[in-house]
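Summary of structural features
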Amino acid sequence: MAQKSVLEEARQVQLAVTLIELGARLQFLEAEVDLSRERLVRLYKEIKGSSPPKGLLPFSVDWYLTWIANIHASLFYNIYRCMLPEAARPLEALIKAFRLYQEQVEAQGEEAVLDFTRAWTLVRFFDSGMMELAACTRCGGQFVGHAHENRSGYVCVLCRPPSRAGKKRRAPDVLGA
Ligand SMILES: [Zn+2]
């Protein structure tokens, strides 16, 4: 096999740096970046100042269905869906969408509930057909949920917040409402 060009090598390092800064885990870096594990660990330590955490990704579909998480996951996934046709590959859409999601949440003075790993896991749940978007019958917004569920009369978490949620919230425009 031909040796990787210096340019390609630099591109992979740049990608790794971007992903590490966004909070990607080692497991994800190994899957997406064409650099050795040692190299990735070294980069990770340089950027984060500590070793990457070990262990598997523990998220389940149900995590995305709780009240605040569902709003954030829906916001992120709607952005991702818009980015996808423009992107050269899904990873590019993921990076752009995650940054836009962070900006949108910060602009509203709130904290990001989704971290990069959760955002990526969400995309994988969609890709594998475990999750789907459903349109709210009241506001028309698109919200993430279990695939193959009966959606007739579906009302989203914004239109029907749990009583403990208190103040009324406006659906972010990006949900397509
Ligand atoms: Zn709604």
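It should be noted that the structure appears before, not after, this text.
Residues numbered from 1 in each chain as written. Predicted model: local features only at pLDDT ≥ 70, side-chain atom pairs only at ≥ 80, totals over all residues. Heavy atoms only, no water.

Here we look at helix α1 (residues 6–22)
This is how it is decided: Strands here mean DSSP runs of E at least two residues long; helices mean DSSP runs of H or I at least four residues long; both are numbered from the N terminus. Take the residue count of a helix, subtract one, and multiply by 1.5 Å to get its expected span. Whether a residue is buried, partly exposed or exposed follows from its accessible area with a 1.4 Å probe, protein chains only, as a fraction of its type maximum: under 20%, in between, or over 50%, in that order. Here, residues are in contact when the closest pair of their heavy atoms is within 4.5 Å.
The terminal C-alpha atoms of α1, which comprises 17 residues, lie 24 Å apart, in line with the 24 Å expected from a rise of 1.5 Å per residue. Every buried residue belonging to α1 is among Q12, V13, L15, A16, V17, T18, L19, I20 and L22, and all of these are buried. At its buried positions, α1 is contacted by α2 (26–32), α3 (37–48), α5 (90–107) and α6 (116–127). Where α1 ends, the next residue or the one after it, G23, has phi of about 105°, a positive value.

Some thoughts on the coordination of the zinc ion
Filter applied, for reference: Sodium, potassium and calcium take a 3.2 Å donor cutoff, other metals 2.8 Å, and in both cases only N, O and S atoms count; water is not among them, so sites may look incomplete. Any coordination sphere not matching a tetrahedral pattern (four donors, all angles between 85 and 135 degrees) or a square planar or octahedral pattern (four or six donors, opposite donors over 155 degrees apart, other angles between 65 and 115) is reported as irregular.
Bound to the zinc ion on the protein side are C136 (SG), C139 (SG), C156 (SG) and C159 (SG), at distances that span 2.3 Å. Note that the zinc ion binds 4 donor atoms; their angles at the metal cover 106 to 114°, and the shape is tetrahedral. Going along the chain, you hit the donors of the zinc ion in the pattern C-x2-C-x16-C-x2-C. Remark: C159 occurs in the segment after β2 (142–146) and C136 occurs in the loop between β1 (131–135) and β2; sequence separation between them is 23 residues.

Observations regarding the nonpolar core
Operational definition: The term nonpolar core refers to a set of buried residues drawn from Ala, Val, Leu, Ile, Met, Phe, Trp, Tyr and Cys, joined through side-chain atoms within 4.5 Å.
Judged by nonpolar contacts, the single largest core of 44 residues is most densely connected at L19, L29, F76 and L94. Elements supplying a minimum of two residues to this core: α1, α2, α3, α4 (67–83), α5 and α6. In terms of residue count, the dominant contributor to this core is α5 (8 residues). Look past the residues within four positions of L94 in its chain and what remains in contact with it is F28, F76, Y80, F116, A119, W120 and V123.

Considering the environment of V17
Structurally, V17 is set in helix α1. Separated by 26 residues in sequence, V17 and L43 place their C-alpha atoms 7.2 Å apart.

With respect to the packing of aromatic side chains
Rule in force here: Pairing of aromatic rings covers Phe, Tyr and Trp, the last counted by its six-membered ring, and requires centre-to-centre distances within 6.5 Å; plane angles under 30 degrees mean stacked, over 60 mean edge-to-face, and any other angle means tilted.
Scanning the entire structure with this criterion turns up 10 aromatic pairs. Ring centres of Y77 and F126 lie 3.6 Å apart, and the angle between their planes is 15°; this geometry places the pair in the stacked category. A residue pair is termed long-range when its members are at least 10 positions apart, and Y77 in helix α4 and F126 in helix α6 qualify at 49 residues. Classification of Y77 by relative accessible area gives buried; the value is 8%. Look at F98 and F116: their rings are 5.4 Å apart centre to centre, the planes differ by 85°, and that puts the pair in the edge-to-face class. One end of the pair, F98, is in helix α5; the other, F116, is in helix α6, with 18 residues separating them in the sequence. Accessibility assignment for this pair places F98 and F116 in one class, buried.

Observations regarding the pairing of β1
If a strand is regular, its side chains alternate between the two faces of the sheet. To be explicit about the condition: Here a strand pair is declared whenever DSSP counts at least two bridges between the two strands.
Sheet topology places β1 next to β2; 5 bridges connect them, and they run antiparallel. Considered in β2, the bridge of A135 is made with Q142. With antiparallel pairing between neighbouring strands as the criterion, β1 and β2 make up a hairpin whose turn holds 6 residues, including G140 at a positive phi of roughly 80°.

Quick notes on the packing of α1 against α3
Heads up, the rule is: Note on method: axes are straight lines fitted to C-alpha atoms, helices fitted across the in-contact stretch only, with angles between N-to-C directions ranging 0 to 180 degrees. Reported orientations rely on four angle classes, namely roughly parallel under 35 degrees, roughly antiparallel over 145, roughly perpendicular from 65 to 115, and oblique for the rest. Each crossing gets its hand from how the near helix is turned against the far one by less than a right angle, where anticlockwise is left-handed and clockwise is right-handed. In this classification, Asp, Glu, Lys and Arg are treated as charged, Ala, Val, Leu, Ile, Met, Phe, Trp, Tyr, Cys and Pro as nonpolar, and every other residue, Gly included, as polar.
Put simply, α1 and α3 touch, their axes get as near as 10 Å, and they point 50° apart. Taken together, the axis directions place α1 and α3 in an arrangement best described as oblique. Of the two elements, α1 crosses α3, and the hand of that crossing is right-handed. Where α1 abuts α3, its residues E9, V13, A16, V17, I20 and E21 lie against R39, L40, L43, Y44, I47 and K48. Here the residues of the contact of α1 with α3 are counted per class, giving 8 nonpolar, no polar and 4 charged.

Honestly, that's just the spatial picture; any functional story needs more than this.
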